[in-house]
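Working through the structure, step by step
Spelled out from the first residue to the last, the chains are:
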Amino acid sequence: MADFDWRISIADVQTAGPFSTFDGVDRTIVWLEGPAMTLTVAGARSELARYVPFSFDGGVPTSCSIPGGPTRDLNVMTRRGRVHADVEVLRPTVPVPLAGDGVLLLVVLRGSVTVLAGDGTGTSLAVSDALQDDRATDSTVQGDGMVAVIRLGG
């Protein structure tokens, strides 16, 4: 775990308790499923809102409370000073441009979406599918689902 620049995963959280600490790592969590999820980061308690990115320093003491039972979340971790992540969750009922610099990753959180390249070719994605789009300067995303758009840059 010491050598990664970025890491993205979906985790099932079965029990409450402390998170692993990652010095020099910025984290963003998006609560996806389950009855409720609360994080306590460096003593400050925050109730997460479904599909709303929550960012924090991965090197400080963090614990999770899930009083209603298991949950699922999206985790984005980036090595501070090497990579920065901007995480946005969209419901693209109309075409949304995906322009931006750096690496662009899409993760479907609910339903389905289609990524259309500037040349008209499309890629359909369903729940938990991920796509790295190197053609993002002329691509759009559209569909009836929820999609995390993760932009990674230096």
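Residues numbered from 1 in each chain as written. Predicted model: local features only at pLDDT ≥ 70, side-chain atom pairs only at ≥ 80, totals over all residues. Heavy atoms only, no water.

1. Things to note about the pairing of strand S4 (residues 38-41)
The criterion, for reference: For two strands to pair, DSSP has to find at least two bridges joining them. Per the convention used, a helix needs a DSSP run of H or I reaching at least four residues, while a strand needs a run of E reaching at least two, with both numbered from the N terminus.
Where S4 lies against strand S5 (residues 44-47), 4 bridges are found, and the strand directions are antiparallel. Paired with Leu-39 across the bridge in S5 is Ser-46. Counting the residues between successive antiparallel strands, the hairpin from S4 to S5 contains 2 residues, one of them, Ala-42, with a positive phi of roughly 50°. By the bridge criterion, 4 bridges tie S4 to strand S7 (residues 62-65) in an arrangement that is antiparallel. Among the inter-strand pairings, Thr-38 is bridged to a residue of S7, identified as Ser-65.

2. Brief notes about the environment of Pro-92
Our working rule: Whether two residues are in contact is decided by their heavy atoms: any pair within 4.5 Å suffices.
Tracing the chain through its elements places Pro-92 in the loop between strand S9 (84-90) and strand S10 (96-97). Ignoring any residue separated from it by four or fewer positions in sequence, one finds Pro-92 in contact with Val-113, Val-141, Gln-142, Gly-143, Gly-145 and Val-147.

3. A short note on the nonpolar core
Using the following cut-off: Buried Ala, Val, Leu, Ile, Met, Phe, Trp, Tyr and Cys residues that are joined via side-chain atoms within 4.5 Å together make up what is termed a nonpolar core. Summary of the burial criterion: residues with accessible area below 20% of their type's maximum are buried, those above 50% are exposed, and those between are partly exposed, where the area comes from a 1.4 Å probe applied to protein chains only.
One finds Val-30, Leu-74, Leu-109 and Ile-150 to be the most contacted residues of the largest nonpolar core, which totals 16 residues. Put simply, the parts of the chain that give this core at least two residues each are strand S3 (25-33), strand S8 (71-79), S9, strand S11 (103-110) and strand S16 (146-153). The dominant element in this core, judged by the number of residues it contributes, is S16, at 4 residues. When sequence neighbours within four positions are dropped, the list of residues in contact with Val-30 reads Tyr-51, Val-52, Pro-53, Arg-72, Asp-73, Leu-74, Val-87, Val-89 and Leu-109.

4. Quick look at the sheet that holds strand S13 (residues 122-126)
Spatial strand order, S10-S15-S12-S13: 4 strands in an open sheet with antiparallel pairing. Each edge of the sheet is formed by a strand with only one pairing partner; in this case those strands are S10 and S13. Sheet topology note: the S10/strand S15 (residues 140-143) ladder contains 2 bridges and is antiparallel. For Pro-97, the partnering residue across the bridge sits in S15 and is Thr-140.

All we've got here are geometric facts, nothing functional implied.
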